[in-house]
Amino acid sequence: MKNFYYLIFLLFCFHVSVGQDQSLSKDQILQAYKKIDDSNDEKNIKDFNRLIESSEKIDFKEGIVARKMELLYIYYRRSDYKKTLKIVREIEDLQLHDYEKLSTLNIYKSYANKALGLTSQELKSIKEALKYSELIENSDRKHLAKSYAHNRFSVYYDYKSPDSLLYHLKKELEELEKVSDNEGFINESVVKLHLIILI
């Protein structure tokens, strides 16, 4: 009788082990992401890390990058700049060919470097952001990404070079005016805001 119960116990353990090792599919990962509540950062971090692990198991690179980008936003919003840079490096190590994301990563990197007092790295990151923005194929997304880079240049040159500051603010506005907004990137109020800055 003891052997019977022991056998049942082994089968139960095997069932639990197999259940834990089952990988989520891409669709399951995407569905799980949609259910995450944006209002709880602590829980979100755990959920995103869990989804990153699930994505890594099935080599779902897009899922890994997308969730790490979410973590990047959380750590940046918390002013945790060291973790922000750590996540940026992790995403860069994935060797992306998505120029829009690479431009965005360098924008985040520039802010983090500025906050940590790494001025030369800040400027390098802004230049990289502009370089990658030029390579974006979608016209609207390219102009919007370039406007972000010029905005960062204007912040960098604030109090350092008024001429450079004004130049990049104008370039930012020029790029925004080129956005057709077919995909709802910006609205008229954003353009008006930049006009007010230049007046």
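Here the structure is a predicted model, which means the values were calculated and not measured.

J.: Got a sec to walk through the pattern of salt bridges? Specific residues and values, please.
T.: Enumeration over the complete set of coordinates arrives at 14 salt bridges. The salt bridge involving Lys-101 is made with Asp-98; its shortest N-O contact spans 3.4 Å. Classification of Lys-101 by relative accessible area gives partly exposed; the value is 28%. Judged by relative accessible area, Asp-98 falls into the partly exposed class, the value being 30%.

J.: Account for the packing of aromatic side chains, naming residues and giving values.
T.: Each aromatic ring pair is summarised here by two numbers: the centre-to-centre distance and the angle between the ring planes. Applying the stated criterion across every chain yields a total of 7 aromatic pairs. Both rings, one in Tyr-76 and one in Tyr-81, keep their centres 6.2 Å apart while their planes meet at 65°; by these two values the pair is edge-to-face. On the basis of relative accessibility, which here comes to 24%, the residue Tyr-76 falls in the partly exposed class. With centroids separated by 6.3 Å and ring planes inclined at 15°, the aromatic side chains of Phe-153 and Tyr-157 adopt a geometry described as stacked. In this pair, Phe-153 and Tyr-157 both sit in helix 8 (residues 139-157), 4 residues apart, roughly one turn of the helix. Grouped by ring-pair contacts, the aromatic residues Tyr-76, Tyr-81, Tyr-108 and Tyr-111 constitute a single cluster. Just above the ring of Tyr-156 sits the side chain of Lys-160; from NZ or CZ to the centre is 4.2 Å.

About the cut-offs
Residues numbered from 1 in each chain as written. Predicted model: local features only at pLDDT ≥ 70, side-chain atom pairs only at ≥ 80, totals over all residues. Heavy atoms only, no water. Salt bridge = Lys/Arg side-chain N within 4 Å of Asp/Glu carboxyl O. Buried < 20%, exposed > 50% of the residue type's maximum accessible area, 1.4 Å probe, protein only. Phe/Tyr/Trp six-rings, centres within 6.5 Å; stacked < 30°, edge-to-face > 60°. Helix = DSSP H or I, 4+ residues; strand = E, 2+ residues; numbered from the N terminus. Lys NZ or Arg CZ within 6 Å of the ring centre and 35° of its normal.

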